[in-house]
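Observations on the three-dimensional arrangement
Here are the chains, one letter per residue:
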2 protein chains.
Amino acid sequence: MLNAIIENRIIESLAGQFAHSPQQLNSRHETDAEIVRLSDGCTLAITTDSIAEEIAAGLYTDPCLIGWMTVMVNLSDLAAVGAQPVGLVISEILTHSCTDGFLAGLHKGIRDACHACGTFVLGGDINHGDRLILTGTAIGTCLNGEFLSRTGSRAGDLLFASNRLGCGNAFALAALSGSFGLPLFIHDAKETETVFQPRARLKEGRALCGLATSCMDTSDGVIAALDQMMRLNHVGFAFNTDWSASLDSWAQRVSLEAGIPEWLLLAGRHGEFELLFTVSPERIDELMLRAEENHFKPILLGEVKSEPAITLPMEAGNIQLDTARIRNCADTTGGKVQSYLEELLSMDREIREGVINHASD
Amino acid sequence: MLNAIIENRIIESLAGQFAHSPQQLNSRHETDAEIVRLSDGCTLAITTDSIAEEIAAGLYTDPCLIGWMTVMVNLSDLAAVGAQPVGLVISEILTHSCTDGFLAGLHKGIRDACHACGTFVLGGDINHGDRLILTGTAIGTCLNGEFLSRTGSRAGDLLFASNRLGCGNAFALAALSGSFGLPLFIHDAKETETVFQPRARLKEGRALCGLATSCMDTSDGVIAALDQMMRLNHVGFAFNTDWSASLDSWAQRVSLEAGIPEWLLLAGRHGEFELLFTVSPERIDELMLRAEENHFKPILLGEVKSEPAITLPMEAGNIQLDTARIRNCADTTGGKVQSYLEELLSMDREIREGVINHASD
């Protein structure tokens, strides 16, 4: 079932033959970060992520944002397993055209992101190349060996987000609006910071340890995360009728001004780096208590269903989304941003024209 | 004194403003891997390194070698601090022109290298871009919190290598010989494997813990490592008169056939990934005992001197090498391989013509 997704197939074909460490507690796809138990009993969480395609596509141009994201995409994976960060190492491929000012911005972004999350750059590596690429690796520890996994949700559990959704895709739409023939929504780096500066949900992840039945970050968007959780857990997710209230207000405004349907803020692949998690209905009071103690407000999105499908109430009815098509279209459209958006818009058209089947209520 | 080296200046300017983690035991430049003590007392070694410039320069073309080196360059850093590897995460930037066969070779190289060192790929990240780039991050543990550092050598200590030297630069010379107008010395991937397939000296590093007064790997060549140790320790290194006996025999043959002076096998920046280490003369018996138990033969290279200079006995006399010029010329020649070699050859010419001062004996 995982293999219906092109990205999963690529990972399997490339990494499928690697031997599994006897110290590693997670299987492939099961967790946002790799979990390793050391012989002295200490449990580590380790993750690596590059900022490459976002730069090449022109999505990230502000050096501060590039530095910030290099740190945050990795810390977000630690958050999604409930780990406490120890620090990061960063490998930088710089170009000879990077100015001193650009490099200063890049390192300010890295520094600010570490400071915001109370963690540190431990070291790194510097190379030069044709394209700017930053690769971060974050290491964390799992208190008492406890960690969150993507698997474990059961029908009847409730689905939550750690915060309002849609900012990641709204930012992508706004940042790339020039190439879509839309008016530019973001004018400068200052505005970028205001609308898109995701923070890894570290305290939220730690608060969910031993409570959430499953958890995953939305680094590739909400629908991609739910689709992966659906495939791993053999369950489905049904959004509440008022799901659009869970969208960030700026994201809603971008959607309105760009004439892009709101649900595409969940479907696009540029995520908001929030956590999606499921909790058993008997433990909702405990969730709310822990959330209050940790100063966050979980947003109820819907419910876990036994049928493996993702349903979203829309004007056209209660729609069962073709989440494989949504996830795969980044690959089937050959990485072209314009074709990618057109494919998503044609899915929306099919829904409104009734081509796509309605889900049973 | 570190600042006489362009690379050190770049690192300082980029990383100099990052805050230092209270859990990190090493300062910048002091160790080959970052050392972090966790709150439960466990000590980790962490390092990251990209294979980017070697691919862009045409030095690494065989996919198996690229995969192998992605693992080994990182494990070699763990070896140089005496750590035991826990595993690696690998971020791959693949190009759309990578064939299935190429990718199979790449992953075979990664697999073989992990197997050779008894370690594991824990996870990774896959992106696509214009250029193939692999970034590995290795995590290891330091038994009893002990680790090797680049600092601590004292005048009178003896200088050793973990094995014969020069293979890295001989390989670079042979692999790039076409662009130097020299006959090609390496004909296929099979031959590459025979002459250049470095193995991280993990058991050697562990055996040296608590014994070597300083240690560093030769990832950037022997002279670069010694120069850095000289600057960090405020000591010098004097090679033995029979230093050329410490060269690998294949490397010697390449030097002879290419008409490249042997000492450039130590000076070039493509290292052999051996360990250079210093041991107090009173503890040589202990070194030899530990080496025998661990099936390796330390090669005596010379002695640590109080004057911070690196001297090499040559035909022209006992030469004090301008190691800053040697290290910086990769930067001063703008990354052009041909100019880099010409600059090294002109240093050799100056030595033979007596332009460069002789060291006092």
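Our structure's up above, just so we're on the same page.
Each value, and the rule that gives it
Residues numbered from 1 in each chain as written. Chains lettered and ligands numbered in written order. Predicted model: local features only at pLDDT ≥ 70, side-chain atom pairs only at ≥ 80, totals over all residues. Heavy atoms only, no water. Helix = DSSP H or I, 4+ residues; strand = E, 2+ residues; numbered from the N terminus. Rg over C-alpha atoms; globule rule 2.2 N^0.38 Å. Buried < 20%, exposed > 50% of the residue type's maximum accessible area, 1.4 Å probe, protein only. Areas by Shrake-Rupley, 256 points an atom, 1.4 Å probe, with all protein chains shown as cover. Lys, Arg positive; Asp, Glu negative; His and termini not counted. Charge placed at Lys NZ, Arg CZ, Asp CG, Glu CD. Contact = heavy atoms within 4.5 Å. Buried area = accessible area lost by both parts, 1.4 Å probe. Salt bridge = Lys/Arg side-chain N within 4 Å of Asp/Glu carboxyl O. Nonpolar A, V, L, I, M, F, W, Y, C, P; charged D, E, K, R; others polar. Pairing = 2+ DSSP bridges. Axes fitted to C-alpha atoms, helices over the stretch in contact; angles between N-to-C directions. Parallel < 35°, antiparallel > 145°, perpendicular 65-115°, else oblique. Left-handed = near helix turned anticlockwise from the far one by under 90°. Expected span 1.5 Å × (residues − 1). Least-squares fit on C-alpha atoms with pLDDT ≥ 70 in both. Phe/Tyr/Trp six-rings, centres within 6.5 Å; stacked < 30°, edge-to-face > 60°. Polar contact = N/O pair within 3.5 Å; in protein donor to acceptor, adjacent residues only side chain to side chain.

Attention shifts here to the overall build of chain A. Secondary structure summary: chain A contains 13 helices and twelve strands in total. In terms of overall size, chain A behaves like a compact globule, its C-alpha atoms giving a radius of gyration of 20 Å where 361 residues would be expected to give roughly 21 Å. Across its three principal directions, the C-alpha atoms of chain A cover 55 × 55 × 45 Å. Burial statistics for chain A: of 361 residues in total, 60% are counted as buried. Accessible surface for chain A amounts to roughly 14,000 Å². Of this, 49% is attributable to carbon and sulfur atoms. Averaging the positions of the 26 positive and the 47 negative side-chain charges in chain A gives two centres separated by 1 Å.

So, about the interface of chain A and chain B. In this complex, chain A contributes 50 residues to the contact, which on the side of chain B involves 50 residues. A buried area of about 4,200 Å², summed over both sides, lies between chain A and chain B, and 68% of it is on carbon and sulfur atoms. Three residues stand out in chain A for area buried against chain B, namely Leu14, Phe18 and Leu122 of chain A, and they jointly supply 15% of the buried area on that side. Residues Arg131 of chain A and Asp130 of chain B are paired through a salt bridge, measuring 2.5 Å at the closest nitrogen-oxygen approach. When residues of the side of chain A that touches chain B are traced back to their parent elements, those giving at least two are α1 (6–15), β1 (34–37), β2 (43–51), β3 (84–94), α4 (100–116), β4 (121–128) and β5 (133–141) of chain A. Among the elements that take part in the side of chain A that touches chain B, β4 of chain A stands out by supplying eight residues, more than any other. Considering only residue class, the side of chain A that touches chain B consists of 25 nonpolar, 16 polar and nine charged.

All names here are of chain B. Burial along strand β8 (residues 236–239) is two-sided: Gly236 and Ala238 and Phe237 and Phe239, pointing in opposite directions, are all buried. Here β8 runs beside strand β11 (residues 310–314); their pairing, made up of two bridges, is parallel. Bridge pairing in β11 links Ala238 to Thr311.

Residue and element names in this part refer to chain A. Spatial strand order, β7-β9-β6-β10-β8-β11-β12: seven strands in an open sheet with mixed pairing. Edge positions in the open sheet fall to β7 (214–217) and β12 (317–320), since each of these has one partner strand only. The average undirected angle you get between the axes of adjacent strands in this sheet is 25°. Pairing of strand β11 (residues 310–314) with β12 involves four bridges; the strand directions are antiparallel. What sits directly across from Thr311, in β12, is Gln320. Sheet contacts for helix α3 (residues 63–80): β7 and β9 (275–279); angle to β7, the most-contacted strand, approximately 175°.

Let us look at the environment of Pro22 of chain A. By secondary structure assignment, the location of Pro22 of chain A is in the loop between α1 and β1. Along the primary structure Pro22 of chain A and Arg37 of chain A are separated by 15 residues, whereas in three dimensions their C-alpha atoms are 9.1 Å apart.

On to helix α12 (residues 323–332) of chain B, then. Residues and elements named next belong to chain B. Extensive coverage of α12 is indicated by the burial of seven of its ten residues. Tucked into the core, α12 has its buried residues touching α1 (6–15), α8 (222–233), α10 (264–267), β11 and α13 (337–352). Just past α12, the residue Gly334 takes up positive phi, approximately 65°.

We now examine the packing of helix α5 (residues 167–175) of chain A against helix α9 (residues 249–258) of chain A. Residues and elements named next belong to chain A. Between α5 and α9, whose axes approach to 9 Å, the crossing angle comes to 40°. Considering the angle they form, α5 stands oblique to α9. Like other packed secondary-structure pairs, α5 and α9 cross with a definite hand, here left-handed. Here α5 contributes Cys167, Ala170, Phe171, Leu173 and Ala174 to the contact with α9, which in turn contributes Trp250, Ala251, Val254 and Ala258. Residues belonging to the contact of α5 with α9 are distributed by class as follows: nine nonpolar, no polar and no charged.

Our focus in this paragraph is α4 of chain A. Between its terminal C-alpha atoms α4 of chain A stretches 24 Å, which fits the 24 Å expected from 17 residues at 1.5 Å a residue. Those residues of α4 of chain A not exposed but buried are Leu103, Gly105, Leu106, His107, Gly109, Ile110, Ala113 and Cys114 of chain A. If you follow the buried residues of α4 of chain A, they end up packed against α3, β3, β4 and β5 of chain A together with α1 of chain B. Trailing α4 of chain A by a residue or two, Gly118 of chain A shows a phi angle of about 65°, which is positive.

Now for the relation of the copies chain A and chain B. Under the fitted operation, chain A is carried onto chain B by 0.0 Å of movement along the axis and a turn of 180°, and the coordinates agree to an RMSD of 0.0 Å. Interpreted geometrically, this transformation is the action of a two-fold axis. When the interface residues of chain A are mapped onto chain B, 100% of them again fall at the interface, so both copies present the same face.

Take the packing of aromatic side chains next. Residue and element names in this part refer to chain A. Within this structure, the stated rule accounts for six aromatic pairs over all chains. Aromatic pair Phe160 and Phe277: ring centres 5.6 Å apart, planes at 15°, arrangement stacked. Taken together, the residues Phe160 in strand β6 (residues 158–161) and Phe277 in strand β9 connect sequence positions 117 residues apart. The burial state of Phe160 is the same as that of Phe277; both residues are buried. An aromatic cluster is present here, built from Tyr60, Phe171 and Phe196 joined pairwise through their rings.

Residue and element names in this part refer to chain A. When you line up the elements, Thr48 lands in strand β2. Polar side-chain contacts of Thr48 include one of 3.0 Å to the backbone oxygen of Gly136. Polar side-chain contacts of Thr48 include one of 3.0 Å to the side chain of Thr137.

So, about the sheet that holds β5 of chain A. Residues and elements named next belong to chain A. On the basis of which strands lie adjacent, the open sheet formed by five strands has the order β1-β2-β5-β3-β4 and mixed pairing. The two strands at the open ends of the sheet, each matched to only one other strand, are β1 and β4. For this sheet, the mean inter-axis angle between neighbouring strands, taken without regard to orientation, is 15°. Bridging between β2 and β5 involves eight bridges; their strand directions are antiparallel. Across the sheet, residue Leu44 finds its bridge partner in β5, namely Thr141. Docked against the sheet, α4 engages β3, β4 and β5, running at close to 170° with respect to β3.

A few words now on the pattern of salt bridges. Residue and element names in this part refer to chain A. Tallied over the entire structure, the rule returns 31 salt bridges over all chains. Put simply, Glu12 and Arg28 hold a salt bridge, and the shortest N to O gap is 3.1 Å. With Glu12 in helix α1 and Arg28 in the loop between α1 and β1, the pair connects residues that are 16 residues apart, well separated along the chain. When its relative accessible area of 30% is taken as the criterion, Glu12 is described as partly exposed. The partner of Arg325 in a salt bridge is Glu350, with the nearest N and O atoms 3.0 Å apart.

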